[in-house]
Amino acid sequence: VQIGVLGGTGPEGKALAVRLASVGIDVVIGSRSHDRAIAAVEELKAKWPDHELPLKGADNQDAAQAPLLVIATPWDAAASTALSVAEHLDGKVVISIANALARVGDEFQALIPARGSVAVHVQATVPASRVVAAFHHLPARALGAIDRPMDGDVLVCADDDAARAEASALVSAIPALRPLDAGTLSNASAVEAFTAVLLGINLRYKTRATVRLTGIEAD
Ligand SMILES: NC(=O)c1ccc[n+]([C@@H]2O[C@H](COP(=O)([O-])OP(=O)(O)OC[C@H]3O[C@@H](n4cnc5c(N)ncnc54)[C@H](OP(=O)(O)O)[C@@H]3O)[C@@H](O)[C@H]2O)c1
């Protein structure tokens, strides 16, 4: 399956794109600017010359033609970006990875977006799509370092079980990452807000920890 990453030219979008491409998944990096998307692809290919990376660049409109989409814009642009490609979204799984955060001094503070979470706001903005919340806790630097495994748990929230399964299969395609069924989209508010806690821990401990839950046998 091909993945379109809208707003994929930032650190997190590029990191997710290159990680997925490193396991052979076709990814189209989308941007408001076709040239920026091409530049992002060239940058990633130049950084990892020894890897066959099935990456392409396109504007967000073209990238949105992929059957499975990720929105990797800043949180306050996620819904408007989804709306800008709404004609391509009917029935499609759209993965929201955005965290609404403000940096206040040495701390990250969670903001409460309209409707409580970015994911629910996107779902309300493009109701014909099937929004899944996932990937919030994977730091771009570690995710993009494809010479090392990216391990951790990915909390996956969705109202549509088939959509959650599709997104979870994408998580499972990345070795050492484990998708966990984290319930409906109403839990996205907690998942997104928890990122403020995690980033604060990473600042204080000078590390890049992600989430790993203990006590779950199945994977
Ligand atoms: N950084 C991390 O470690 C991390 C970890 C987990 C989740 N996240 C989440 O991932 C998302 C992306 O993070 P990031 O640090 O990569 O973000 P970013 O660099 O600030 O933005 C990503 C891309 O979004 C596009 N964009 C910016 N403003 C926009 C607007 N007003 N409308 C439409 N597109 C716009 C830009 O692409 P073009 O100019 O090319 O269109 C930009 O390169 C965020 O929502 C963040 O909460 C980040």
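Refer to the structure printed above.
### Considerations on the sheet that holds strand S8 (residues 130-133)
Within the open sheet, the 8 strands sit side by side as S3-S2-S1-S4-S5-S8-S9-S10. Their pairing is mixed. Looking at strand neighbours, the two that pair on one side only are strand S3 (55-59) and strand S10 (177-181), the edges of this open sheet. Neighbouring strand axes in the sheet, compared pairwise and without regard to direction, differ in orientation by 25° on average. One ladder, built from 5 bridges, connects strand S9 (residues 152-158) with S10; its direction is parallel. Each bridged residue has a counterpart across the sheet, and for Gly-152 the counterpart in S10 is Leu-177. Along the sheet, helix H2 (residues 34-47) contacts strand S2 (27-31) and S3; its crossing angle with S3, the most-contacted strand, is approximately 165°.

### So, the pairing of S9
The element S9 is extensively covered by neighbouring structure, given that 7 of its 7 residues are classed as buried. Burial of the side chains of S9 extends over both faces: Gly-152, Val-154, Val-156 and Ala-158 are buried on one face and Asp-153, Leu-155 and Cys-157 on the other. Bridge analysis of S8 against S9 gives 2 bridges, and the strand direction is antiparallel. Residue Val-132 lies in a different strand from S9, and its bridge partner there is Ala-158.

### Regarding unusual backbone geometry
The phi dihedral of Phe-135 falls on the positive side, at around 70°, and the residue is not glycine. In this structure, Phe-135 sits in the loop between S8 and helix H6 (140-144). For Phe-135, a relative accessible area of 2% puts it in the buried group. Although it is not a glycine, Ala-176 sits at a positive phi angle of roughly 80°.

### Thoughts on the environment of Ala-140
With respect to the element layout, Ala-140 can be found in helix H6. Placed 66 residues apart in sequence, Ala-140 and Lys-206 show a C-alpha to C-alpha distance of 15 Å. What Ala-140 contacts, discounting residues up to four positions off in sequence, is Pro-11, Glu-12 and Ala-15.

### A closer look at the layout of surface pockets
Roughly 540 Å³ of internal volume is contained in the largest pocket. At the level of elements, helix H1 (11-22) and helix H8 (188-205) are the ones that each hand at least two residues to the lining of the largest pocket. Among the elements that line the lining of the largest pocket, the one with the most residues is H8, at 4 residues. Of the residues assigned to the lining of the largest pocket, the class counts are 14 nonpolar, 8 polar and 1 charged. Considering only enclosed or pocket space, the second largest pocket measures out at about 390 Å³ in volume. Together, 20 residues line the second largest pocket, and Ala-140, Arg-141, Ala-142, Gly-144 and Ala-145 are the ones closest to its centre. Of all the elements in the fold, those that place two or more residues in the lining of the second largest pocket are H1, H2 and H6. When grouped by side-chain class, the residues that make up the lining of the second largest pocket number 10 nonpolar, 2 polar and 8 charged.

Cut-off values and rules
Residues numbered from 1 in each chain as written. Predicted model: local features only at pLDDT ≥ 70, side-chain atom pairs only at ≥ 80, totals over all residues. Heavy atoms only, no water. Pairing = 2+ DSSP bridges. Helix = DSSP H or I, 4+ residues; strand = E, 2+ residues; numbered from the N terminus. Axes fitted to C-alpha atoms, helices over the stretch in contact; angles between N-to-C directions. Contact = heavy atoms within 4.5 Å. Buried < 20%, exposed > 50% of the residue type's maximum accessible area, 1.4 Å probe, protein only. 1 Å grid on protein atoms, 1.4 Å probe; cavity = no way out; pocket = protein on both sides within 12 Å on 5 of 7 lines; lining within 4 Å. Points joined across faces, edges and corners; volume = space filled by probe spheres on them. Nonpolar A, V, L, I, M, F, W, Y, C, P; charged D, E, K, R; others polar.

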